[in-house]
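Coordinate inspection notes
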Amino acid sequence: MHKGKGLALAGAFIIAAFTAFGQAEIRPGEVWPDTKGEHIQAHGGGITKIKDTYYWYGEERRKGLDTNKRYVSCYASKNLADWTFKGDVIQMSDPENLGRKWILERPKVFYNHKTQKYVMYFHLDNAAYKYARVGIAISDRADGEFKFVKSFRPLDHESRDIGQFVDDDGSAYLIFEDRPFGFRIARLADDYLSLEKEICLIPQHMEGGAIVHYKGLYYAIGSALTGWRANPNKYATARSLAGPWSEFKDIAPPETNTYGAQSTLMLKITGSKTTSVIFLGDIWKPKAQWDSRYLWMPLEIGDGKLWLPKPAAFTINVKTGETQIK
Ligand code: DGJ
């Protein structure tokens, strides 16, 4: 074999092996290049796992977009570190005469095994954040295109920030912030196109809501309501989603304001050796949203306690479930 070719093949093999074992580093707060070298644009996002592929959906905020449209991006990865841009799965004009500065935020995608549809929920609003509804869009494929179906107020409640939660038994829930009352958890109907029933109202005013079910306990986290500014995110626990929920406690030293981040999801990785939970947060840059960063970090979790360690580079092995902080 030609020497150069052999070296190139060896190099490709090393990269493939590296990727297969999921050892590429994640560096919280830094620019996070996708496989083409562009900073990942998936803000306020969510993650959907299909077989061995993770899909990361989020707010597309790159420079140069049509300012009348709103975009949701989709990235795919098998190791949670190297992400390939699959395109903008939503490129939508104002669907309901909401006005020039209409809002589409925090997209979350649920895969419905019965209908085999991908169902996206997002926060749909006008500039004043007074419409307070969820929008739904569906697709036959993970990488779109998603078609807008409708908007509504979930169970007739106001809804701004939303979060997604799928329990170990496969049941899917929407978490939504109902400004007058607090943080609601509601189960999706069979086809995921509406909400079947409310499971709980946690009377705590929280945004960026996220839940994980870990070793028999539910952990809920969220941020305070301070717009784009970071604040001390907090958590509570319960034996059942319906509660009762414990008091809320800090997830990090409060003076760090969650190290400048706001929660969007907790991702559970169940591997052959262990189960890890990763905190997924956004470090918003309201004046330069395209440069907003991500704070992903393995959580210290268990026995009713949850703690976000000081951000540092880390690796995830999606096969074994192990994480290693560098
Ligand atoms: C906080 C929310 O979490 C974000 O999604 C966004 O709606 C900002 N508020 C807007 O100020």
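The structure this text deals with has already been given above.
Because the structure is predicted, anything quoted here is derived from the model rather than measured. (Residues numbered from 1 in each chain as written. Predicted model: local features only at pLDDT ≥ 70, side-chain atom pairs only at ≥ 80, totals over all residues. Heavy atoms only, no water.)

Turning to the side chain of His43, a few remarks are in order. Checked against the element boundaries, His43 lands in strand 2 (residues 43-50). For His43, a relative accessible area of 0% translates into the label buried. Of note is the side chain of His43, whose polar atom sits 3.2 Å from the side chain of Tyr294. Among residues more than four places away in sequence, those in contact with His43 are Gly58, Glu59, Arg61, Asp282, Trp284, Gln289, Trp290, Ser292 and Tyr294. (Helix = DSSP H or I, 4+ residues; strand = E, 2+ residues; numbered from the N terminus. Buried < 20%, exposed > 50% of the residue type's maximum accessible area, 1.4 Å probe, protein only. Polar contact = N/O pair within 3.5 Å; in protein donor to acceptor, adjacent residues only side chain to side chain. Contact = heavy atoms within 4.5 Å.)

This next bit is on the site of the ligand. If you check the shell around the ligand, you find Glu105, Arg106, Tyr129, Asp161, Glu207, Gly227, Trp228 and Gln262 and nothing else. Contact between the ligand and Tyr129: an oxygen atom at 3.5 Å from a side-chain N or O atom of the residue. Side-chain polar atom of Asp161 to an oxygen atom of the ligand: 2.4 Å apart, as the coordinates give it. In isolation the ligand offers 290 Å² of accessible surface; the protein chains occlude 91% of this area. (Near = heavy atom within 4 Å. Areas by Shrake-Rupley, 256 points an atom, 1.4 Å probe, with all protein chains shown as cover.)

This part is about the nonpolar core. Side chains that are nonpolar tend, in soluble globular proteins, to be buried together. In terms of nonpolar packing, the biggest core is built from 42 residues, with Ile47, Trp56, Leu80, Trp83 and Trp296 touching the most fellow members. Only strand 3 (53-59), strand 14 (207-214), strand 15 (217-223), strand 18 (262-270), strand 19 (275-283), strand 20 (293-298) and strand 23 (314-316) provide two or more residues apiece to this core. Of all the elements, strand 19 adds the most residues to this core, at five residues. Setting aside its immediate chain neighbours within four residues, Trp296 contacts Ile26, Pro28, Trp32, Ile47, Trp56, Leu80, Trp83, Ile278, Phe279, Leu280, Gly281 and Phe314. In terms of nonpolar packing, the next biggest core, distinct from the first, is built from 21 residues, Tyr55, Ala76, Trp102 and Tyr118 among them. (Core = buried A, V, L, I, M, F, W, Y, C linked by side-chain atoms within 4.5 Å.)

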